[in-house]
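In case you want the letters, here they are:
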Amino acid sequence: MEKMKNILKPKPNPQQLLRDWQRRLRQECRNIERQIRDIQREEKNVEKSIKEAAKRNDMGSAKALAKELVRSKITVNRLYENKAQLNSISMHLGESVAIARTVGHLSKSAEVMKLVNNLMKAPKMAITMQEFNKEMTKAGVIEEIVNDAVDTALDSEDIEEEIEEEVDRVLTEIAGETAAQLPEAVRKEKLKEPAQALGDAEGADDEEDLEELRARLAKVRS
């Protein structure tokens, strides 16, 4: 019975497919924009905490927060790249539909296949792009992509080295004169130390606040 329904059900024309795909692509772009806003809002709180940590000469906490900030900025850059790729898919689909009006059917697009394959590696986009992969394969726009690889570049050694190199610059930029005024030997030593809670109740509260802030930033970034 189900097979009969599928046979009798009219197949959507290229224009209908395009409208549906573009609508969903726009929604994904809006989701990315919302995530970027959430991350950037938390980044402002982190920047404020870095300045406060530098003022009390707690460069261990300042460095830990600066590292989280650098990782977040890398994530934001990657999200902008994902958004640009979604827009490129939409544009290329529009071109494919324009051609379909002449030839009468959708033809394969190597560029769309490449973009879908790239986005399937992004953790946040993987499920959505797997769905697009199936639908576009069925419609004849791309060939089936089998790609289980997840983009974990933020955890790679190269990215970690890049983060470490950027941390000092971020500390100097955000903490400004506060960090620069510390004696060089003291500053280097403090940067090597892990963030530690101060002995009194106020110090413990500060450490808890910092951990909460780092957790919030990691959450919106994931």
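Within every chain, residues take consecutive numbers counted from 1 along the sequence as written. In keeping with the model being predicted, local features are shown solely for residues with a pLDDT of at least 70 and side-chain atom pairs are shown and tallied solely at 80 or more, while totals for entire chains, interfaces and linings include all residues. Side-chain figures throughout are based on the complete set of non-hydrogen atoms in the structure, without hydrogens or water.

As recorded in an unreviewed UniProt entry, the protein chain goes by the name Vacuolar protein sorting-associated protein 24 homolog 1 isoform X2, listed as coming from Nicotiana tabacum.

Engineer: How would you sum up the overall build of the protein chain? Please name residues and give values.
Structural biologist: Each helix is a run of H or I in the DSSP string that is no shorter than four residues. Each strand is a run of E no shorter than two, and both are numbered from the N terminus. A tally of regular secondary structure across the protein chain gives 9 helices and 0 strands. Scanning the protein chain from its N terminus toward the C terminus, one meets helices and strands in the order α-α-α-α-α-α-α-α-α. Relative to its 222 residues, the protein chain shows a buried fraction of 38%. Residues are treated as being in contact if the distance between any of their heavy atoms lies within 4.5 Å. In the protein chain, of all internal contacts separated by at least 6 residues, the share reaching a separation of at least 24 is 79%. When a residue's accessible area, from a 1.4 Å probe over protein chains only, is under 20% of the maximum for its type it is buried; when over 50% it is exposed; and in between it is partly exposed.

Engineer: I'd like a rundown of the packing of aromatic side chains, residues and numbers included.
Structural biologist: In this scheme Phe, Tyr and Trp rings, the latter by its six-membered ring, pair at centre separations within 6.5 Å, and the angle between planes marks the pair as stacked below 30 degrees, edge-to-face above 60, and tilted otherwise. All told, the structure shown has 0 aromatic pairs when counted by the stated rule. A cation over a ring is seen here: Arg-24 above Phe-132, with NZ or CZ 4.6 Å from the ring centre. Counted as over-ring charges are cases with an Arg CZ or a Lys NZ within 6 Å of the ring centre that also lie within 35 degrees of the ring normal.

Engineer: Let's hear about the UniProt feature "coiled-coil region" (unreviewed entry) in the protein chain: which residues, and what values?
Structural biologist: Under the feature "coiled-coil region" (unreviewed entry), the UniProt entry names residues 18–56. In residues 18–56, helix accounts for 97% and strand for 0%; the two terminal C-alpha atoms are 57 Å from one another. UniProt positions are given in the numbering used here, feature names are shortened, and annotations may be inferred rather than shown by experiment.

Engineer: Would you mind going over the pattern of salt bridges in detail, with residue names and values included?
Structural biologist: Salt bridge criterion: a side-chain nitrogen from Lys or Arg within 4 Å of a carboxyl oxygen from Asp or Glu. Scanning all chains against the criterion turns up 12 salt bridges. Among the ionic pairs, Asp-20 bridges to Arg-24, the shortest N-O distance being 3.1 Å. Pair noted here: Asp-20 and Arg-24 are both in helix α2 (residues 14–55), with a separation of 4 residues, about one helical turn. Overall, the relative accessible area of 25% leaves Asp-20 in the partly exposed class. With relative accessibility at 19%, the residue Arg-24 sits in the buried group. We note a salt bridge from Asp-58 to Arg-56, for which the minimum N-O separation is 3.8 Å. Residue classification places Asp-58 among the buried positions, given a relative accessible area of 12%. Counted as one network, the salt bridges with shared partners bring together Asp-20, Arg-23, Arg-24, Glu-131 and Glu-135.

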